[in-house]
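# Per-entry structural report
Chain by chain, the residues:
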Amino acid sequence: MPNDADIFETLRQELRRGSLIMAVLGQLRAEHYGYTLRKALADAGVEIDEGALYPMLRRLEAQGLLASEWRLEERRNKRFYRLSAEGEAVLGRLVEEWTRLNASVDAILGKSS
Amino acid sequence: MNDLIDRYLAAIARELPEGDRADIAAELRDDLLTKVEIREEALGRPLDDRELRDELTAFGNPLIVAGRYRKVQHLIGPQMFPFWWSAVKATLTVIVVVYLVLIVLKLIFGGGRVSSLDVPEPMLVLVSAFGAVTGVCALIERYGDPAKVARWRPERLPPAHGKTRSRFELMTELGMGVVFLLWWTGAIHFRNVVPEIGLRIDLAPVWERYYWWILGYSVIEIGSNAIALARPDRVQLVRWMAIWRSLLGAAILLGVIQASRFLIVTGPAGKAAAVFDLWMRVGIGVTIIVFVVRAATEAWRLYQDERGVRAAA
């Protein structure tokens, strides 16, 4: 039977899943390659492991929200990602939705506390 | 050092879609090497073998790392799962009921020919049915539209009140119907010879005369139970089918009961043939009454349903 810590961890993962995409899109308003993107996210308080990050970047690129290119940097070829115009528009809508949802949840929590 | 990284990346690459393989592997290589370099810079020395192994272990199992790039992440998704579960339960229950009926009949009538030659092994059938249901659901999940499967209409819900047969009851009847049909068409056989007491029992020619009628009755029975299971909202249709089926059954048996003999009993026990026929005649008579009562009951329920609908209107 799952204990309180397991239950919390599962719920935390569910809560994070959607917001991670927004964090990645937001961070990619400036160009990054995988490692620096992960570091920038971690510095901002959003930890994400590479096993989840790279497939997510590919998916977002396939959806047209990101653009990427291979470039030589620090003696090695690296793949740089940045937000596309379409990604910018989708991010704007996601942020609106996020703000609205946040306000609603804040209001509910405020009422119940 | 690079040998271990190469082996690790090759293990991932083998599991990746061919078109993206080189691209993904190159990106992962860069990430891994960057991590190693940063770690080495912090330590002020190259990583030893154990430290490198730890890095790769932390990066993840090659199957899992590669798996995350796959478009299909599950065989049956959460939208399809309730339908898969329901279909698996119903299919396996019907199969189990069919085999239970066969086992009971085998116990009653002895070893006979209910063997692997006549019906497949139960485990084989169960596993095949499970695989078939899972395969169909996986195909819908992959190529179909699970949302379409989930569409439903409130008017198709079964009535909340009133006498309806349980799913178990329906599945049991369905299973028994299938066994009867298999036996009647000769697909399976039961032992009709008891050599220890020199007894052999065969059906009298009268049954042959009604072969197609009985076959039709059996098909209607299976059909009406299948409809009742799949579309519990079609209460009226199922009631009408039960009425006509019962009347058909009664009509068939009224024809059969006119015959002088129902069973041909041979061997030394042949003297008891008259007793067998008497019991058969009593059994057929009782069954005719049961059929008529059933038809009347269903007709009465139909009438009650109609009255209820009119009263509600």
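See the structure above.
Here we summarise the structure given alongside this text. (Residues numbered from 1 in each chain as written. Chains lettered and ligands numbered in written order. Predicted model: local features only at pLDDT ≥ 70, side-chain atom pairs only at ≥ 80, totals over all residues.)

### With respect to the overall build of chain A
For chain A, the count of helices and strands is four helices and three strands. Its helices and strands in sequence order give chain A the pattern α-β-α-α-β-β-α, from N to C terminus. When burial is assessed residue by residue, chain A has 18% of its 113 residues classed as buried. Sequence-distant contacts in chain A: of pairs separated by 6 or more residues, those separated by 24 or more amount to 42%. (Helix = DSSP H or I, 4+ residues; strand = E, 2+ residues; numbered from the N terminus. Buried ≥ 20, exposed ≤ 12 C-beta atoms within 10 Å, placed from the backbone. Contact = placed C-beta atoms within 7 Å.)

### Side note on the overall build of chain B
Broken down by element type, chain B carries twelve helices and three strands. A burial count over chain B gives 15% of its 313 residues as buried. The long-range fraction of contacts in chain B, counting pairs at least 24 apart against all pairs at least 6 apart in sequence, stands at 78%.

### Some thoughts on the interface of chain B and chain A
Taken together, the 13 residues of chain B in the interface contact twelve residues of chain A. Those elements giving two or more residues to the side of chain B that touches chain A turn out to be α2 (21-43) and α4 (62-67) of chain B.

### Focus on the pairing of strand β3 (residues 76-83) of chain A
One face of the sheet, then the other: side chains in a regular strand alternate in exactly this way. Residue and element names in this part refer to chain A. Note that strand β1 (residues 32-33) and β3 share two bridges and pair antiparallel. The partner of tyrosine 33 across the bridge, within β3, is phenylalanine 80. Where strand β2 (residues 66-73) meets β3, eight bridges bridge the pair, whose relative direction is antiparallel. The residue bridging glutamate 69 from the neighbouring strand is phenylalanine 80, located in β3. Linking β2 to β3, which pair antiparallel, is a turn of two residues; within it glutamate 74 sits at a positive phi near 50°. (Pairing = 2+ DSSP bridges.)

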